Amino acid sequence: MSAYSLRGLRWFEALSGDAKPLEGLPASLKVADTRLGEQTVRLLAVVADPDSRFPRARNGEVGLLEGWGLAKAVDDAIDADRDAVNKRALIAIVDVPSQAYGRREEALGIHQALAGAADSYARARLAGHPVIGLLVGKAMSGAFLAHGYQANRLIALRDPGVMVHAMGKASAARVTLRSVEELEALAASVPPMAYDIDSFASLGLL
């Protein structure tokens, strides 16, 4: 069994059908233009790349290549549809376990790469592109902020494998000086501390 999730890739394949993925982007980024019903859409998904030159971004994390790649894919759609009456929708298929944590990422400005992606999504929304975040797996930490959180609408599968949080359980336990078990007990009564999608939905963001 692989160490990374295939949820994002499978949903991208299912929604894109026979559409050919765009070229010139990192292997960890799947982007395709297609039609859903009467709407032209651009699908965007961050997927695992076991051969990435950045070891901390091989399991679907959003790192340098992914952040700048998302920014380029979204900016290209903004430019292409600048004079269009009906601008294509952007669907961010979200299955991201984290941003990429590493010394090289920090030294090369991962904060700028992820900010670039978030900025592009925000500018697309303000330019009239419907932006939808489709949560099909994990939506964690800075990765979710860069890919999906700028959407007009967030839609999620009601499934135990769909989780939203600022950090993983082990990290959150260390930061709050609790055990994972204590953290889970606290989450039962404090929805923002929980990971499950029903708790996230109770905050009114879905």
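A brief report on the enclosed structure follows. (Residues numbered from 1 in each chain as written. Predicted model: local features only at pLDDT ≥ 70, side-chain atom pairs only at ≥ 80, totals over all residues. Heavy atoms only, no water.)

## Overview of the environment of Ile 197
Then step 1. When you line up the elements, Ile 197 lands in helix H8 (residues 197-201).
Then step 2. Residue Ile 197 is classed as buried on the basis of its relative accessible area, which comes to 6%.
Then step 3. As a C-alpha pair, Ile 197 and Ala 127 span 70 residues in sequence and 30 Å in three-dimensional space.
Then step 4. Ile 197 has contacts with Leu 135, Ala 156, Leu 157, Arg 158, Asp 159, Val 162, Val 164 and Leu 206, leaving out every residue within four places of it along the chain. (Helix = DSSP H or I, 4+ residues; strand = E, 2+ residues; numbered from the N terminus. Buried < 20%, exposed > 50% of the residue type's maximum accessible area, 1.4 Å probe, protein only. Contact = heavy atoms within 4.5 Å.)

## Notes on the pattern of salt bridges
Then step 1. Tallied over the entire structure, the rule returns eleven salt bridges.
Then step 2. A salt bridge links Glu 13 to Arg 10; its shortest N-O distance comes to 3.2 Å. Of this pair, Glu 13 and Arg 10 are both found in helix H1 (residues 7-16), three residues apart, which corresponds to roughly one turn of the helix.
Then step 3. Judged by relative accessible area, Glu 13 falls into the partly exposed class, the value being 38%.
Then step 4. Note on Arg 10: relative accessible area 44%, which makes it partly exposed.
Then step 5. A salt bridge links Glu 23 to Lys 20, with the shortest nitrogen-to-oxygen separation between them at 3.5 Å. No difference in accessibility class separates Glu 23 from Lys 20, as the two residues are exposed. (Salt bridge = Lys/Arg side-chain N within 4 Å of Asp/Glu carboxyl O.)

## Some remarks on the nonpolar core
Then step 1. With 37 residues, the main nonpolar core has Leu 44 and Leu 135 as its most contacted residues.
Then step 2. For this core, the secondary-structure elements that each account for two or more residues are strand S1 (29-36), strand S2 (39-46), helix H2 (64-80), strand S3 (89-96), helix H4 (110-126), strand S4 (131-140), helix H5 (141-146) and H8.
Then step 3. Beyond its immediate stretch of four places on either side in the chain, Leu 135 contacts Val 94, Phe 144, Leu 154, Ile 155, Ala 156, Leu 157, Val 162, Val 164 and Ile 197.
Then step 4. Counting 13 residues, the second largest nonpolar core, distinct from the first, contains Phe 12, Ala 19, Ala 32 and Val 47. (Core = buried A, V, L, I, M, F, W, Y, C linked by side-chain atoms within 4.5 Å.)

## Let's talk about the packing of aromatic side chains
Then step 1. Counting across every chain of the model gives one aromatic pair.
Then step 2. Where Phe 144 meets Tyr 149, the ring centres are 5.0 Å apart and the plane angle is 70°; that geometry is what we call edge-to-face.
Then step 3. Residue Tyr 149 is classed as partly exposed on the basis of its relative accessible area, which comes to 36%. (Phe/Tyr/Trp six-rings, centres within 6.5 Å; stacked < 30°, edge-to-face > 60°.)

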